[in-house]
Amino acid sequence: MSIAENRRANFDYHIEERHEAGMVLQGWEIKAIRAGQVQLTDGYVVIRDGELYLIGCRINALRSASTHISPEADRTKKLLMHKEEIKRLIGKVEQKGFTLVPLNMHWKSGRVKCEIGLAKGKAEHDKRDTIKDREGKREVARAMKVHRT
């Protein structure tokens, strides 16, 4: 079941590969995620000391969050993957133009998982092509809808 999706990622990047990673979260973050207080749009993944970290993923704390902690909405979250997968991703990210982008967050077996994508940035003309294709599909769908009735 999907929690949040980064729609901007498919517009800004060509997604080459998709990987699933676990997340290290605090209790108040899980409560906020269950309430749907997540935003992935500005998020990105960095590699520090051979480990993956999610930066810019905003989880807004609930007002009923615990009293003994001070929740930080833009806290850096550690992503969990096997070492071999991380090493392979590091090798690809060091190649020219590749970056790691969070694509969506979802529940899997009662745990929050983050799908990250190995991506290359799109040029401006590619973005225009994407918009043109999307508008064309919309027009066809509208025409089919009008034609049916």
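Now for a description of the structure that goes with this document. (Residues numbered from 1 in each chain as written. Predicted model: local features only at pLDDT ≥ 70, side-chain atom pairs only at ≥ 80, totals over all residues. Heavy atoms only, no water.)

## Points about the pattern of salt bridges
As enumerated under the stated definition, the model contains nine salt bridges in all. In this structure, E29 and K77 form a salt bridge, with 4.0 Å as the shortest nitrogen-oxygen distance. With E29 in helix α2 (residues 27-34) and K77 in strand β7 (residues 77-80), this pair connects stretches of sequence that are 48 residues apart. Here the two residues E29 and K77 agree in accessibility, since each one is buried. Two residues, E51 and K78, come together in a salt bridge whose shortest N-O distance is 3.2 Å. (Salt bridge = Lys/Arg side-chain N within 4 Å of Asp/Glu carboxyl O. Helix = DSSP H or I, 4+ residues; strand = E, 2+ residues; numbered from the N terminus. Buried < 20%, exposed > 50% of the residue type's maximum accessible area, 1.4 Å probe, protein only.)

## Concerning helix α3 (residues 83-93)
Considered for burial, the residues of α3 that qualify are I86, L89 and I90. Down the axis of α3, the smallest arc covering the buried residues is 105°, so these residues share one side. Every exposed residue of α3 that faces more than 90 degrees away from the buried side is listed here: E84 and K87. Those residues of α3 hidden inside the fold are in contact with β2 (13-23), β4 (44-48), β5 (51-55), β8 (98-108) and β9 (111-121). (Arc of directions from axis to C-beta. Contact = heavy atoms within 4.5 Å.)

Any link to function would need more than the numbers given here.
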